[in-house]
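# Fold and contact review
Okay, here's what each chain looks like letter by letter:
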Amino acid sequence: MLRVAVCVSGGGTNLQAIIDRVQDGTITNTEIVLVISNKPGAYALERAKNACIATAVIEPKSYETREAFGNAMISALNENNIDLVVLGGYLVILPENLVRAFEGRMINIHPSLIPSHCGEGYYGLKVHESVLARGNKVTGATVHFVDEGTDSGPIILQKAVDVHDDDTPETLQRRVMEQAEWQILPKAIDLIANNKVRIIDGIVKEV
């Protein structure tokens, strides 16, 4: 059974998608053990409590250094015997020690087709604003393993979504969540839970 922790900063829509897919059996061999937020008021924490999942609030500002914050995260994850860390709308720059500790065991969902509209500064609505400003006809979402770069780890899954002429950043964000993020993030977790992906020469292969 894959023991999963989900890290969140806001409303937790991706968290809810994972909870729902575990409950309906779409995600197999998986248990959501812990939800961690950097914000005590994040609604995602309520979603976790409603699903009887343990929660923790670990705020970077409570620690003198990024390394100390990373150590606090590592301790919380190890205490719960976490196998996979899922970043589901976690708007925190990760300390290097945390990334190293969970290398190959941490994934992120990004609301574009990497390598477009990604990297430092591309998060939330900013991604969709960039897509519309560039005039993209297609966008989407990407699930990838986390490395020490920003949105640069090996890609697990991607799904394309059409951009409409009358889109706003908000309408596009919603469509990308509904048609891509909420589908491929649960699928990626299920693949990992059932040992169906491997990183070979920096590329993710399904096995």
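Please read these numbers as outputs of a predicted model, since none were measured by experiment. (Residues numbered from 1 in each chain as written. Predicted model: local features only at pLDDT ≥ 70, side-chain atom pairs only at ≥ 80, totals over all residues. Heavy atoms only, no water.)

### Details of the layout of surface pockets
Put simply, the largest pocket is a space of about 1000 Å³. Every residue lining the largest pocket is counted, 42 residues in all, and those nearest its centre are Tyr90, Leu91, Val92, Asn108 and Tyr123. Secondary structure elements with two or more residues in the lining of the largest pocket: helix 1 (13–23), helix 4 (96–101), strand 5 (106–110), strand 6 (138–145) and helix 6 (169–193). Across the lining of the largest pocket, the residue classes break down as 15 nonpolar, 20 polar and seven charged. In this structure, the second largest pocket encloses a volume near 220 Å³. At the level of secondary structure, the elements contributing two or more residues to the lining of the second largest pocket comprise helix 6 and strand 8 (197–200). Residue contributions to the lining of the second largest pocket peak at three residues, all from strand 8. Taken together, the residues of the lining of the second largest pocket break down into seven nonpolar, two polar and three charged. (1 Å grid on protein atoms, 1.4 Å probe; cavity = no way out; pocket = protein on both sides within 12 Å on 5 of 7 lines; lining within 4 Å. Points joined across faces, edges and corners; volume = space filled by probe spheres on them. Helix = DSSP H or I, 4+ residues; strand = E, 2+ residues; numbered from the N terminus. Nonpolar A, V, L, I, M, F, W, Y, C, P; charged D, E, K, R; others polar.)

### Considering the environment of arginine 134
Relative to the assigned elements, arginine 134 resides in helix 5 (residues 125–134). Taking C-alpha positions, arginine 134 is 9.7 Å from histidine 117, a pair spaced 17 residues apart along the chain.

### A closer look at the packing of aromatic side chains
Within this structure, the stated rule accounts for one aromatic pair. On the numbers, 6.2 Å between centres and 50 degrees between planes, the contact of tyrosine 63 with phenylalanine 69 is tilted. (Phe/Tyr/Trp six-rings, centres within 6.5 Å; stacked < 30°, edge-to-face > 60°.)

### Re the side chain of arginine 175
Relative to the helices and strands, arginine 175 resides in helix 6. Owing to a relative accessible area of 13%, arginine 175 belongs among the buried residues under this scheme. Within the structure, arginine 175 has its side chain in polar contact with the side chain of histidine 164 (distance 3.0 Å). Leave out the neighbours within four places in its chain, and arginine 175 touches Val161, Asp162, Val163, His164, Asp167 and Ala180. (Buried < 20%, exposed > 50% of the residue type's maximum accessible area, 1.4 Å probe, protein only. Polar contact = N/O pair within 3.5 Å; in protein donor to acceptor, adjacent residues only side chain to side chain. Contact = heavy atoms within 4.5 Å.)

### Examining the packing of helix 1 against helix 6
The contact between helix 1 and helix 6 brings their axes to 9 Å, and the two run at 55 degrees. The angle between helix 1 and helix 6 falls in the class oblique. Helix 6 is crossed by helix 1, and the crossing has right-handed handedness. Only Met177, Glu181, Trp182, Leu185, Pro186 and Ile189 of helix 6 make contact with helix 1, whose side of the interface consists of Thr13, Asn14, Ala17, Ile18 and Arg21. Its residues placed into classes, the contact of helix 1 with helix 6 shows seven nonpolar, two polar and two charged. (Axes fitted to C-alpha atoms, helices over the stretch in contact; angles between N-to-C directions. Parallel < 35°, antiparallel > 145°, perpendicular 65-115°, else oblique. Left-handed = near helix turned anticlockwise from the far one by under 90°.)

### A few points about the nonpolar core
Counting residues in each nonpolar core, the largest one holds 38 residues, and the members touching the most others are Val6, Val86, Ile107, Ile156 and Ile189. Considering every element that reaches this core, the biggest residue donor is helix 6, with 10 residues. Beyond its immediate chain neighbours, meaning those up to four positions away, isoleucine 189 contacts Leu2, Val4, Ile18, Ile27, Thr30, Leu84, Val86 and Ile107. By size, the runner-up hydrophobic cluster in this structure holds 23 residues, among which are Ala72, Ile74, Phe102 and Val146. (Core = buried A, V, L, I, M, F, W, Y, C linked by side-chain atoms within 4.5 Å.)

### Looking at the packing of helix 1 against helix 2 (residues 43–50)
Packed helices, taken two at a time, are described by the angle between their axes plus the distance between the axes. Across the interface, helix 1 lies against helix 2 with an axial gap of 9 Å and an inter-helix angle of 15 degrees. Put simply, helix 1 runs roughly parallel to helix 2. Once helix 1 is placed against helix 2, the crossing between them reads as right-handed. Residues Thr13, Leu15, Gln16 and Ile19 of helix 1 touch helix 2, and the partners they reach there are Ala44, Arg47 and Ala48. A class-by-class count of the residues in the contact of helix 1 with helix 2 yields four nonpolar, two polar and one charged.

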